[in-house]
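Below are the chains, spelled out letter by letter.
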Amino acid sequence: MVDKLAVAHISPIAYIYLMFLGAAIFSTPLIGREGWHLAREEWRMNRRAVIAVGVLCLLGYLLILYAMTLAPVSYVVAVRNLSIVFGALLGTWLLGEPYGQQRMVGSAIVCVGTACIALA
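Residues numbered from 1 in each chain as written. Predicted model: local features only at pLDDT ≥ 70, side-chain atom pairs only at ≥ 80, totals over all residues. Heavy atoms only, no water.

With that settled, consider helix 4 (residues 82-95). End to end, helix 4 covers 19 Å across 14 residues, agreeing with the expected 20 Å (1.5 Å per residue, within 8%). Of the residues making up helix 4, those classed as buried are Val85, Ala88 and Gly91. Down the axis of helix 4, the smallest arc covering the buried residues is 125 degrees, so these residues share one side. Of the exposed residues in helix 4, the ones pointing more than 90 degrees away from its buried face are Phe86, Trp93 and Leu94. Buried-residue contacts for helix 4 involve helix 5 (101-119). One or two steps after helix 4, the chain reaches Gly96, where phi turns positive at roughly 70 degrees. (Helix = DSSP H or I, 4+ residues; strand = E, 2+ residues; numbered from the N terminus. Expected span 1.5 Å × (residues − 1). Buried < 20%, exposed > 50% of the residue type's maximum accessible area, 1.4 Å probe, protein only. Arc of directions from axis to C-beta. Contact = heavy atoms within 4.5 Å.)

This is the structure:
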């Protein structure tokens, strides 16, 4: 709801910029020496993956913000929840994680809920 209210008053690009700037300002002092060391090590070992995930997360969130300027928030949030199902499927497919009964039930609930909203 906060995102929907924000993009009703400013552009999604300005909003996402301000969100990330605020997060950086308030979280940087909390990281500590060990956190910076771990971040540098992760950057050194997985630079491409870190950049890819950062860019894709940013673009995904930006798409959601733009969608909120075009459609009711209930539709956007319902469809956004499908990313949970896709994430679980990718975890099974790419990482070999089990897709147990809880994930199947959760995925089914998300899919049925999204279908209900789409058909309403």
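Moving on, we get to a nonpolar patch on the surface. On the surface, Ile10, Tyr17, Leu18, Leu21, Ile25 and Phe26 cluster together into a nonpolar patch covering about 640 Å² of accessible area. As for its placement among the helices and strands, Phe26 is situated in helix 2 (residues 12-70). Overall, Phe26 belongs to the exposed group, its relative accessible area being 65%. (Patch = residues over 30% accessible without salt bridge, like charges linked within 9 Å, V, L, I, M, F, W, Y side chains within 5 Å. Areas by Shrake-Rupley, 256 points an atom, 1.4 Å probe, with all protein chains shown as cover. Salt bridge = Lys/Arg side-chain N within 4 Å of Asp/Glu carboxyl O.)

Glancing now at the environment of Ser74. Among the structural elements, Ser74 can be located in helix 3 (residues 73-80). Residue class for Ser74 comes out partly exposed when judged on its relative accessible area of 41%. C-alpha separation for the pair Ser74 and Thr114, spaced 40 residues apart in sequence, amounts to 9.9 Å.

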